[in-house]
Amino acid sequence: MFLEIASYLGGSRSHLTDGIMKDFPSCFGESGVQVATDTSRVAPPQNLVICVYHYHSQAFSGFITVTWIKNLMAQGLSIGIETQSKESLAKVDIKPWLFSKRKGVKSLVVNSIRVDIYWDLSCAKFASGPEPLEGFYVAVAFNQELCLLVGDLESEAYKKVDPAPFASKATFVAKKEDIFGKRLYSSKAQLCGKGRLHDIRIEYDANESLGKCLTISIDGKPVLEVARLKWKFRGNQTILVDGVSVEVYWDVYSWLFGSLVGNAIFLFRSHVGSESSALSWKGLQRFKDTPTSLTHGFSLVLCAWKNE
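Note that this is a predicted model, so its numbers are computed, not measured. (Residues numbered from 1 in each chain as written. Predicted model: local features only at pLDDT ≥ 70, side-chain atom pairs only at ≥ 80, totals over all residues. Heavy atoms only, no water.)

Undergrad: Outline the overall build of the protein chain, listing residues and values.
TA: For the protein chain, the count of helices and strands is 4 helices and 18 strands. Out of the 308 residues belonging to the protein chain, those deemed buried represent 50%. Sequence-distant contacts, at least 24 apart, represent 51% of the contacts inside the protein chain between residues at least 6 apart. Looking at the protein chain as shown, the accessible area adds up to about 14,500 Å², and 51% of this sits on carbon and sulfur atoms. (Helix = DSSP H or I, 4+ residues; strand = E, 2+ residues; numbered from the N terminus. Buried < 20%, exposed > 50% of the residue type's maximum accessible area, 1.4 Å probe, protein only. Contact = heavy atoms within 4.5 Å. Areas by Shrake-Rupley, 256 points an atom, 1.4 Å probe, with all protein chains shown as cover.)

Undergrad: Pulling in residues and values, what's your account of unusual backbone geometry?
TA: Positive phi, normally seen in glycine, also occurs at Ser 112, with a value near 70°. We classify Ser 112 as exposed; its relative accessible area is 72%. Although it is not a glycine, Arg 228 sits at a positive phi angle of roughly 55°.

Undergrad: I'd like to hear about the nonpolar core, residue by residue, with values.
TA: The tendency in soluble globular proteins is for nonpolar side chains to be buried as a group. One finds Phe 266 and Phe 268 to be the most contacted residues of the largest nonpolar core, which totals 61 residues. Non-local contacts of Phe 266, meaning those with residues more than four positions away in its chain, are made with Ile 202, Leu 214, Ile 216, Tyr 249, Trp 250, Val 252, Trp 255, Leu 300, Val 301, Leu 302 and Ala 304. Counting 8 residues, the second largest nonpolar core, distinct from the first, contains Tyr 118, Ala 139, Leu 149 and Ala 157. (Core = buried A, V, L, I, M, F, W, Y, C linked by side-chain atoms within 4.5 Å.)

Undergrad: Break down the packing of aromatic side chains for me, citing the residues and quoting the values.
TA: Counted under the stated rule, the structure contains 10 aromatic pairs. Pairing Phe 172 with Phe 298 gives two aromatic rings, centres 4.9 Å apart and planes at 65°, and the pair type is edge-to-face. Of this pair, Phe 172 sits in strand β10 (residues 171-181) while Phe 298 sits in strand β18 (residues 298-306), and the two are 126 residues apart along the sequence. On the basis of relative accessible area, Phe 298 is assigned to the buried category, the value being 1%. Ring centres 5.0 Å apart and planes at 45° place the aromatic pair Tyr 253 and Phe 257 in the tilted group. Of the two residues, Tyr 253 and Phe 257 both sit in helix α3 (residues 253-257), 4 residues apart, roughly one turn of that helix. The structure contains a cluster of three or more aromatic residues connected by ring pairs, namely Tyr 185, Tyr 204, Trp 255 and Phe 266. (Phe/Tyr/Trp six-rings, centres within 6.5 Å; stacked < 30°, edge-to-face > 60°.)

Undergrad: Talk me through the sheet that holds strand β7 (residues 113-120); I want residue IDs and the actual numbers.
TA: One open sheet accounts for 4 strands, arranged β6-β7-β8-β9; its pairing is antiparallel. Lying at the two open borders of the sheet, with one neighbouring strand each, are β6 (103-110) and β9 (145-151). Geometrically, the sheet is characterised by an average inter-axis angle of 10° between neighbouring strands, direction not taken into account. Relative to β7, β6 runs antiparallel, the two being bridged by 8 bridges. (Pairing = 2+ DSSP bridges. Axes fitted to C-alpha atoms, helices over the stretch in contact; angles between N-to-C directions.)

Undergrad: How would you explain the sheet that holds strand β14 (residues 221-226) if you had to name every residue and give the values?
TA: Spatially, β11-β12-β13-β14 is the arrangement adopted by the 4 strands of the open sheet, whose pairing is antiparallel. The open sheet terminates on both sides in strands that have one partner only, identified here as β11 (184-190) and β14. Looking at each pair of strands side by side, their axes are set apart by 20° on average, direction ignored. Relative to strand β13 (residues 213-218), strand β12 (residues 197-205) is paired through 6 bridges, and the arrangement is antiparallel. Of the residues in β13, the one forming a bridge with Ile 202 is Ile 216.

Undergrad: I'd like a description of the pattern of salt bridges, backed by residues and values.
TA: In this structure the tally under the stated criterion is 11 salt bridges. For Asp 178, the salt bridge identified is with Lys 176, shortest N-O distance 2.5 Å. Assessed through its relative accessible area of 5%, Asp 178 is described here as buried. A salt bridge links Arg 201 to Glu 203, with the nearest nitrogen and oxygen atoms 4.0 Å apart. (Salt bridge = Lys/Arg side-chain N within 4 Å of Asp/Glu carboxyl O.)

Undergrad: Residues and numbers for the side chain of Asp 178, please.
TA: Checked against the element boundaries, Asp 178 lands in strand β10. Within the structure, the side chain of Asp 178 is placed 2.5 Å from the side chain of Lys 176, a separation counted as a polar contact. (Polar contact = N/O pair within 3.5 Å; in protein donor to acceptor, adjacent residues only side chain to side chain.)

Undergrad: Could you give an account of the pairing of β18, with specific residues and numbers?
TA: The buried fraction of β18 is high, at 9 of 9 residues. The side-chain alternation of β18 yields two buried faces, one formed by Phe 298, Leu 300, Leu 302, Ala 304 and Lys 306 and the other by Ser 299, Val 301, Cys 303 and Trp 305. Pairing of β10 with β18, which is carried by 8 bridges, proceeds in the parallel orientation. Within β18, the position partnered with Phe 180 by the bridge is Trp 305.

By themselves, these observations are geometric and do not establish any function.
Listed below in structure tokens is the structure:
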């Protein structure tokens, strides 16, 4: 089994967050959406799905990031652990697809906290993306307290770690996913932390006679349509999904004015309770700086790469 472990025990700025945020949207400014100046950007060499979880207990309070990776050579995953103040405690890279064994455990001690990471991907089933659909589990425990369990093989995970202390579960707060296409882009994702999976479809119509159009559908139903994209290539609109208010932000500048192979950014931000249904541009700027800055509600970022 090939494992690379990098533990940061000092008080330096988090390497994990900085690396992750290169893949989160960088186009949002305080007074409006700012457009990146590099229009020659090409599609990434690997496909990423990044999931951020917030956890709080007596043993640990902070963030756990699970990154699924797929490239031409292999697939793998990376697990990062950060404190509440964004200090990186550890980062574990697992590359099971390079070898026959696809399950294991890794234990380490960070800041007097014992961290146990368990995974079993031997029966995992995938679609076209890097994140498995079923037949797997990834579990993280702090001081033998199970805090995060991802996947559908819960009974198998419980054989490795006692589920009794599993009283405080990690909260799913953000997800970023790369999607690819020419005219149609699709994803299956949650729009709130504990919500069900939805089929998300983004359709780009480059017909000049219509001024170029954008349509976003949820579970086959159009929920947002934007005409004349050359004048509305960035903006936001509120939609309702299962009775939950979701603010949708889009920036398709690179599709219209950038290189032939470029990416557009779509941000879906759900709101709970009495929280305002609309975020300020300043709030989006904080989200750009770090995905863990918005811990209320849930944020989904789709990075849509236009391949010609």
